[in-house]
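# Overview (structure and organization)
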Amino acid sequence: MKWDVTPYRDTVMEYAKALLSQDSPSGFTLRAVETAENLARGLGYGTRRSRKGNLTILVPGREHGKKVGLCAHVDTLGLMVRSVTADGKLLITKVGGPLLPTLDGEYCRIYTRDGRVYTGTILSLSPAAHVEDDAGTRPRDEQSMAVRVDEVVSTAEDVAALGIAPGDYVCYDPKTLVTPSGFLKSRFLDDKASAACLLTVLKILRDLGQLPRYDAEITFTVYEEVGHGGATFSESLDELLAVDMGCIGAELTCTEEQVSICAKDSAGPYDYAMVTRLVELSRANGVDYAVDVYPHYSSDAAVAWKSGRDLPAALIGPGVHASHGMERTHWHGLKATMELVGLYLDCE
């Protein structure tokens with residue numbers, strides 16, 4: 001039976017904001033993992049962490065002959081200091097695939113190895129319209145952008161004295177906002193929106209006193225954006241449902257108000273039987289869904305397959321507009337995603 005998740009609108013938004021408030025580009029995810037772990041433990045669930053840093057939440061089922069896995073990722077896109085210029089600016093390299101033109105003018109935080117945190121602004125190296133002729137036309141790429149640190153520095157030595165060095169993470173502001181009309185606007189909804197959905201599913205199960213049909217493991221991975229987050233799922237899983245963002249754009253039917261069911265992405269088709277089951281569950285229970293093919297996409301499920309996991313897998317997620325840029329989804333898309341997860345788990 002489909003859950004009525006309407007009473008959990010504030011919950012999923014608050015969980016999303018809690019996760020989004022923690023800087024967590026791939027490889028620098030401890031704060032986000034701790035946030036998710038504390039929320040899950042507060043609901044009474046057991047957890048474990050992998051040596052690589054993934055967080056798994058253990059959900060007992062009514063039956064124990066099968067184990068299903070669900071996953072979302074809490075790592076995000078980001079930047080890292082590549083080098084320091086002679087006049088004290090920080091040149092950058094990408095962590096994952098952020099759309100660099102969207103970062104021109106964004107505020108950021110620089111984390112040093114010894115725990116200090118500085119603020120700054122990501123800018124073009126031709127930032128001033130009153131000075132540079134190419135201020136409006138210079139490419140916004142790794143070779144033409146830098147971080148202006150909010151400290152009095154004029155040399156590379158000044159920057160070094162702050163403890164800032166190559167390899168330090170640069171984390172830009174997610175700018176999270178929930179609108180009265182139900183939109184969740186933020187960077188990194190890929191995939192913290194889905195992680196918030198799965199945490200809310202855990203709360204619904206606890207509040208209703210329900211269990212999924214089978215034992216379940218919900219894993220939050222920490223290297224998805226760089227391509228190997230799903231390489232270390234438990235060997236005991238019998239199938240895997242990745243919950244990641246749904247794509248919106250040309251030749252795609254999904255909207256921000258729907259859950260997307262992905263039939264195929266750049267790694268190939270998902271398991272036919274699982275995709276069919278998800279479509280049938282949505283159709284039979286009035287879940288607002290779309291089925292799409294993503295040409296420029298891969299997921300933790302695909303990585304699990306490439307790592308040798310012998311299990312069927314599928315992919316769903318709330319529709320997210322402007323992926324890897326200034327993203328946006330809607331409460332209705334989050335709602336549909338949680339409804340479908342509940343049906344997939346066969347909770348009662």
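For the structure itself, look to the data block above.
Summarised in this report is the structure supplied together with it.

Analysis parameters
- Residues numbered from 1 in each chain as written.
- Predicted model: local features only at pLDDT ≥ 70, side-chain atom pairs only at ≥ 80, totals over all residues.
- Heavy atoms only, no water.
- Helix = DSSP H or I, 4+ residues; strand = E, 2+ residues; numbered from the N terminus.
- Rg over C-alpha atoms; globule rule 2.2 N^0.38 Å.
- Buried < 20%, exposed > 50% of the residue type's maximum accessible area, 1.4 Å probe, protein only.
- Contact = heavy atoms within 4.5 Å.
- Areas by Shrake-Rupley, 256 points an atom, 1.4 Å probe, with all protein chains shown as cover.
- Lys, Arg positive; Asp, Glu negative; His and termini not counted.
- Charge placed at Lys NZ, Arg CZ, Asp CG, Glu CD.
- 1 Å grid on protein atoms, 1.4 Å probe; cavity = no way out; pocket = protein on both sides within 12 Å on 5 of 7 lines; lining within 4 Å.
- Points joined across faces, edges and corners; volume = space filled by probe spheres on them.
- Nonpolar A, V, L, I, M, F, W, Y, C, P; charged D, E, K, R; others polar.
- Core = buried A, V, L, I, M, F, W, Y, C linked by side-chain atoms within 4.5 Å.
- Pairing = 2+ DSSP bridges.
- Axes fitted to C-alpha atoms, helices over the stretch in contact; angles between N-to-C directions.
- Parallel < 35°, antiparallel > 145°, perpendicular 65-115°, else oblique.
- Left-handed = near helix turned anticlockwise from the far one by under 90°.
- Expected span 1.5 Å × (residues − 1).

Next up on the list: the overall build of the chain. For the chain, the count of helices and strands is 7 helices and 19 strands. For a compact globule of 348 residues, the expected C-alpha radius of gyration is about 20 Å, and the chain comes in at 21 Å, within 12% of that figure. For the chain, with 348 residues in total, the buried portion stands at 53%. A separation threshold of at least 6 residues defines the contact pool for the chain, and within that pool the share at least 24 residues apart is 76%. Summing over all exposed atoms, the chain offers an accessible surface of approximately 14400 Å²; the carbon and sulfur share of this is 51%. A gap of 3 Å separates the mean positions of the 35 positive and 48 negative side-chain charges of the chain.

Moving on, we get to the layout of surface pockets. For the largest pocket, the calculated volume is near 390 Å³. Around the largest pocket, the lining comprises 21 residues; the ones closest to its centre are Met245, Cys247, His296, Tyr297 and Ser323. Here the residues of the lining of the largest pocket sort into 10 nonpolar, 7 polar and 4 charged. Space inside the second largest pocket adds up to approximately 240 Å³. Surrounding the second largest pocket, 16 residues form its lining, Arg213, Leu343, Tyr344, Leu345 and Asp346 being those nearest its centre. When contributions to the lining of the second largest pocket are tallied by element, the ones reaching two or more residues are strand S3 (63-73), helix H5 (272-285) and helix H7 (331-345). Looking at which element gives the most residues to the lining of the second largest pocket, the answer is H7, with 4 residues.

Let's shift gears to the nonpolar core. In this structure, Leu70 and Phe220 are the most contacted members of the largest nonpolar core, which totals 98 residues. Here this core takes 11 residues from helix H4 (residues 189-208), the largest share from any one element. In contact with phenylalanine 220, not counting residues within four places along its chain, are Ala36, Asn54, Leu55, Ile57, Ala72, Val74, Ala195, Leu198 and Leu199.

We now examine the pairing of strand S9 (residues 169-172). Burial along S9 is two-sided: Tyr169 and Cys171 and Val170 and Tyr172, pointing in opposite directions, are all buried. As paired elements, strand S4 (residues 78-84) and S9 share 2 bridges and run antiparallel to each other. What sits directly across from leucine 79, in S9, is valine 170.

Looking now at the packing of H4 against H7. Remark: H4 packs on H7, axes separated minimally by 10 Å, with the N-to-C direction vectors making an angle of 50°. The angle between the axes of H4 and H7 places the two elements in the oblique class. Our pair here, H4 against H7, has a crossing hand that is right-handed. Touching Ala193, Cys197, Leu198, Thr200 and Val201 of H4 are Leu334, Thr337, Met338, Val341 and Leu345, all from H7.

So, about the packing of helix H2 (residues 30-42) against H4. Contact pair H2 / H4: the axes reach a minimum separation of 10 Å and the direction vectors enclose 15°. Between H2 and H4, the angle falls in the class roughly parallel. In the packing of H2 onto H4, the handedness of the crossing is right-handed. Contact residues: H2 offers Ala32, Ala36, Leu39 and Ala40, while H4 offers Lys192, Leu199 and Leu202. Split into classes, the residues belonging to the contact of H2 with H4 amount to 6 nonpolar, no polar and 1 charged.

The next thing to look at is the sheet that holds strand S6 (residues 107-111). Taken in spatial order, the 6 strands line up as S4-S5-S8-S7-S6-S9 and close into a barrel, and their pairing is antiparallel. Looking at each pair of strands side by side, their axes are set apart by 45° on average, direction ignored. The pairing of strand S7 (residues 117-124) with strand S8 (residues 145-149) spans 5 bridges and is classified as antiparallel. The residue of S8 that forms the bridge with serine 124 is methionine 145.

Residue placement: phenylalanine 28 occurs in the loop between helix H1 (9-20) and H2. Put simply, phenylalanine 28 and valine 222 are 194 residues apart on the chain and 8.4 Å apart in space, counted from C-alpha to C-alpha. If near-sequence neighbours (up to four positions away) are discounted, phenylalanine 28 is found in contact with Asp23, Tyr111, Tyr169 and Cys171.

Let's shift gears to H7. Taking 1.5 Å of rise per residue, the 15 residues of H7 would be expected to cover 21 Å, and the 21 Å separating its terminal C-alpha atoms lies within 8% of that figure. Counting buried residues in H7 gives 13 out of 15 residues, a clear majority hidden from the surface. The positive-phi residue at the C-terminal boundary of H7 is aspartate 346, with phi of around 55°.

On to the sheet that holds strand S19 (residues 328-330), then. Pairing is antiparallel in the open sheet, where 3 strands are placed in the order S10-S11-S19. At either margin of the open sheet sits one strand with a lone partner, and together these are strand S10 (177-178) and S19. Inspection of the sheet shows S10 paired to strand S11 (residues 183-185) by 2 bridges, in the antiparallel sense. Opposite valine 178, over in S11, you have leucine 184 as the bridge partner.

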